[in-house]
Amino acid sequence: MALLALVLSSLLVVSLAEISSKIGVNYGRQGDNLPSPYQSIEIMKSMNVGRIKLYDSDPETLKLLSGSNIHVAIMVPNDDIILIASSQTAAEQWVQNNVLAHYPDTMIRFILVGNEVLSYNTDPDLTIWHNLVPAMRRIKRALSAQGIKNIKVSTPLAMDVLQSAFPPSSGTFRSDISDTLIAPLLKFLNGSKSFFFLDVYPYFPWSANPMNISLDFALLRGNENKTDPGNGLVYTNLLDEMLDSVIFAMEKLGYTNIRLAIAETGWPTAGDIDQVGANIYNAATYNRNLIRKMTAKPALGTPARPGIVIPAFIFSLYEENRKTGPGTERHWGLLHANGTPIYDIDLTGKRPDSDYKPLPPGENNVPYKGKLWCQVASGFNLMNLSSALAYACNQDNQTCEALTPGKECYEPISIFWHASYAFSSYWARFRSRGASCYFNGLAKQTTENPSRGRCKFPSVTL
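Residues numbered from 1 in each chain as written. Predicted model: local features only at pLDDT ≥ 70, side-chain atom pairs only at ≥ 80, totals over all residues. Heavy atoms only, no water.

Student: Looking at this model, I keep getting lost on the overall build of the protein. Mind explaining?
Tutor: In terms of regular secondary structure, the protein is built from 13 helices and 16 strands. Computed over its C-alpha atoms, the radius of gyration of the protein comes to 24 Å, within 12% of the 23 Å expected for a compact globule of 462 residues. Across its three principal axes, the protein shows a C-alpha extent of roughly 75 × 50 × 45 Å. Sequence-distant contacts, at least 24 apart, represent 73% of the contacts inside the protein between residues at least 6 apart. About 20,300 Å² of surface is accessible on the protein, with carbon and sulfur atoms providing 51% of the total. Of the side chains in the protein, 41 bear a positive and 40 a negative charge, and the two mean positions are spaced by 3 Å. (Helix = DSSP H or I, 4+ residues; strand = E, 2+ residues; numbered from the N terminus. Rg over C-alpha atoms; globule rule 2.2 N^0.38 Å. Contact = heavy atoms within 4.5 Å. Areas by Shrake-Rupley, 256 points an atom, 1.4 Å probe, with all protein chains shown as cover. Lys, Arg positive; Asp, Glu negative; His and termini not counted. Charge placed at Lys NZ, Arg CZ, Asp CG, Glu CD.)

Student: Looking at this structure, how should I read the state of the cysteines?
Tutor: Each disulfide consists of a covalent bond between the sulfur atoms of two cysteine residues. Within the structure shown, the criterion is met by 3 disulfides. Between the sulfur atoms of Cys374 and its disulfide mate Cys437 the distance is 2.1 Å. The disulfide joining Cys374 to Cys437 has a torsion of about 90° about its S-S bond and is therefore right-handed. Remark: Cys437 occurs in the loop between helix H13 (415-430) and strand S15 (443-446) and Cys374 occurs in strand S14 (residues 371-376); sequence separation between them is 63 residues. For the pair Cys374 and Cys437, a shared accessibility class is recorded, and that class is buried. With a sulfur-sulfur separation of 1.9 Å, Cys409 is cross-linked through a disulfide to Cys455. When the S-S torsion is 105°, as for the bridge of Cys409 with Cys455, the disulfide is right-handed. One end of the pair, Cys409, is in the loop between helix H12 (382-393) and H13; the other, Cys455, is in the loop between S15 and strand S16 (460-461), and 46 residues separate them in sequence. By sequence-ordered numbering of the bonded cysteines, the protein has its disulfides arranged as 1-5, 2-3, 4-6. (Disulfide = S-S within 2.5 Å. Buried < 20%, exposed > 50% of the residue type's maximum accessible area, 1.4 Å probe, protein only.)

Student: Is there a simple way to explain empty space enclosed by the protein in this structure?
Tutor: It is the rolling of a water-molecule-sized probe over the atoms that shows where space remains empty. Applying the stated criterion across every chain yields a total of 3 cavities of 30 Å³ or more. In terms of lining, the largest cavity is formed by Ile247, Arg259, Leu260, Gly301, Thr302, Arg305, Ile308, Val309 and Ile310. Its residues placed into classes, the lining of the largest cavity shows 5 nonpolar, 2 polar and 2 charged. In this model, the second largest cavity occupies a volume close to 50 Å³. When the residues that make up the lining of the second largest cavity are grouped by side-chain class, the tally is 6 nonpolar, 2 polar and 1 charged. (1 Å grid on protein atoms, 1.4 Å probe; cavity = no way out; pocket = protein on both sides within 12 Å on 5 of 7 lines; lining within 4 Å. Points joined across faces, edges and corners; volume = space filled by probe spheres on them. Nonpolar A, V, L, I, M, F, W, Y, C, P; charged D, E, K, R; others polar.)

Student: Would you mind going over the packing of H12 against H13 with me for this structure?
Tutor: Each packed pair of helices is defined by two parameters, the angle between the axes and the distance between the axes. For the pair H12 and H13, the least separation of the axes is 9 Å and the interaxial angle reads 40°. Between H12 and H13, the angle is such that the two are oblique. In this structure, H12 crosses over H13, and the sense of that crossing is left-handed. Each of Leu382, Leu385, Ser386, Ala388, Leu389, Tyr391, Ala392 and Cys393 in H12 lies in contact with H13, whose residues at this interface are Ile415, Phe416, His418, Ala419, Ala422, Phe423 and Tyr426. (Axes fitted to C-alpha atoms, helices over the stretch in contact; angles between N-to-C directions. Parallel < 35°, antiparallel > 145°, perpendicular 65-115°, else oblique. Left-handed = near helix turned anticlockwise from the far one by under 90°.)

Student: In this structure, what is going on with the packing of helix H6 (residues 123-145) against helix H7 (residues 178-191)? I would like to understand it.
Tutor: Relative orientation of the contacting elements H6 and H7 amounts to 10°, with a least axis distance of 9 Å. Put simply, H6 runs roughly parallel to H7. Of the two possible hands of crossing, H6 and H7 adopt the one that is left-handed. Contacts between H6 and H7 involve Trp129, His130, Val133, Met136, Arg137 and Lys140 from the former and Leu181, Pro184, Leu185, Phe188 and Leu189 from the latter. Here the residues of the contact of H6 with H7 are counted per class, giving 8 nonpolar, 1 polar and 2 charged.

Student: Before we go on, may I ask you to explain the sheet that holds strand S5 (residues 152-154) in this structure?
Tutor: Strands pair in a sheet through their backbones, by hydrogen bonds, and they do so in one of two ways: parallel or antiparallel. Strand order in the open sheet made by the 9 strands is S5-S4-S3-S2-S1-S13-S12-S9-S6, with parallel pairing throughout. Both outer strands of the open sheet, S5 and strand S6 (156-158), are each paired with one neighbouring strand and no more. Strand-to-strand twist across the sheet, computed as the mean angle between neighbouring axes with direction ignored, equals 25°. One ladder, built from 4 bridges, connects strand S1 (residues 24-27) with strand S2 (residues 51-54); its direction is parallel. (Pairing = 2+ DSSP bridges.)

Student: What exactly am I supposed to notice about a nonpolar patch on the surface here?
Tutor: Where nonpolar side chains cluster on the molecular surface, the patch consists of Phe380, Leu382 and Phe416 and spans about 270 Å² of accessible area. Mapped onto the fold, Phe380 is located in the loop between S14 and H12. The exposure class of Phe380 is partly exposed, given its relative accessible area of 32%. (Patch = residues over 30% accessible without salt bridge, like charges linked within 9 Å, V, L, I, M, F, W, Y side chains within 5 Å. Salt bridge = Lys/Arg side-chain N within 4 Å of Asp/Glu carboxyl O.)

Student: Before we go on, may I ask you to explain the layout of surface pockets in this structure?
Tutor: Taken as a whole, the largest pocket holds about 750 Å³ of empty space. Taken together, 30 residues form the lining of the largest pocket, with Glu116, Asp199, Tyr201, Glu264 and Glu329 sitting closest to its centre. Among the secondary structure elements, those contributing two or more residues to the lining of the largest pocket are strand S7 (162-164) and helix H8 (203-208). Of the residues contributing to the lining of the largest pocket, the split by class is 15 nonpolar, 6 polar and 9 charged.

Student: In this structure, what is going on with the nonpolar core? I would like to understand it.
Tutor: Nonpolar side chains in soluble globular proteins tend to be buried together. The biggest cluster of nonpolar side chains holds 106 residues, and the ones touching the most others in it are Val99, Ile139 and Phe196. With sequence-adjacent residues up to four places away left out, Val99 is seen in contact with Ile74, Trp94, Ile108, Ile111, Leu143, Ile148 and Ile151. Trp373, Ala392, Ala419 and Ala443 belong to the second largest nonpolar core, which has 28 residues in total. (Core = buried A, V, L, I, M, F, W, Y, C linked by side-chain atoms within 4.5 Å.)

Student: What's the story with the pattern of salt bridges in this structure? I'm lost.
Tutor: Tallied over the entire structure, the rule returns 12 salt bridges. Asp396 serves as the salt-bridge partner of Arg429, at 3.0 Å between the closest nitrogen and oxygen. A residue pair is termed long-range when its members are at least 10 positions apart, and Arg429 in helix H13 and Asp396 in the loop between H12 and H13 qualify at 33 residues. A residue is classified by how much of its surface remains accessible, and Asp396, at 22% relative accessible area, is partly exposed. Residues participating in the shared-partner salt-bridge network are Arg29, Asp56 and Asp58.

Student: Please explain the sheet that holds S15 as it appears in this structure.
Tutor: Spatial ordering of the open sheet is given by S15-S14-S16, a layout of 3 strands whose pairing is antiparallel. For this open sheet the edge positions go to S15 and S16, each flanked by a neighbour on one side alone. Strand contacts of H13: S14, S15 and S16, with the helix running at about 140° to S14, the strand carrying the most contacts.

Encoded structure:
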């Protein structure tokens, strides 16, 4: 098996000689008071960013990138997929408006159709699922009609497309999408010599199981070896395991030569109390090691495909405070919202660790054990707080029962008090279903019990 991997890799090396190993960055803009597109591009140029991935096809940004040597990935929004899949005219119009208006002066090299489309499963999402590959075909056809051959069409998928991922040799796509959706996707990528774009975050499997997965293994320190019992390949880090699990899943469907690209990867600089290991020290360590690995010459590849360049985009350029969900969602940035670095980073991979300033120690690398409550955060807006209180209490008739007149938590009659109880009760009831203690920035976790007298606030026990 190891010999076969080496032979296949040698064939790929020849065809991939032209691929740059320069590091890319995801340029997301879901934050308040971020630098302008002009300022952002100047910042990225100063950082030696080799590629930029957008979550749209913003014309201002694309115009500003004209004449630069930065390669660009643009995105078709999920909501446009059905229309494009149903109409070649719509696909041609999209290419006209979003590609031809800027190409070739702006070095657009990837069109990504949708974002993590197969991770959503409501009824409308399922309709998008089945239109994904047809939309990709139409975009590709529209490019070909213009004689454009150096823009690849793909779609970024999350690791949840896999049914099995560990050990890597067991990699298998989910049974609900394998034959009907993944197989046609792989056929398209293979036929167009495009890339399988993957959002891959070692932070998530490590943080879900930090007692059994070494932090060093997740941070790409390379000081631990794990042997895959299925094929004997030796792994020194969690990222390679995750990447190879997708490679082996593709091979099980008969595709051995489709190239991988990392659409998103990174490590959070901060998070909630219940989010272990989210700190600046780990984020800097992971991204520095990632850059060193991905820019190595000769290329390192993975155990299944040694010597292969894997294009990679770090997530993300900025901290983005308008993102909802757990605390880590707002803390993946290389830069603060004002454009200053959170920690030093060299995207060329040439700077040795000894040249960096000391990092603040990571103080949350062991999971918190105990009780947590959810309460109103400081600086709240009264009108927004009233709406959030109503939302929490309207989810069922039990969440806020203790706040009704005459009940144990009714007094003091204060919106701060009532909202804190409602937030804590809601979070305790629905955390197992994915609820977070955030409420659009109105709430925060606390280890201090806010209960008073007869009023006992519900808590989450870790």
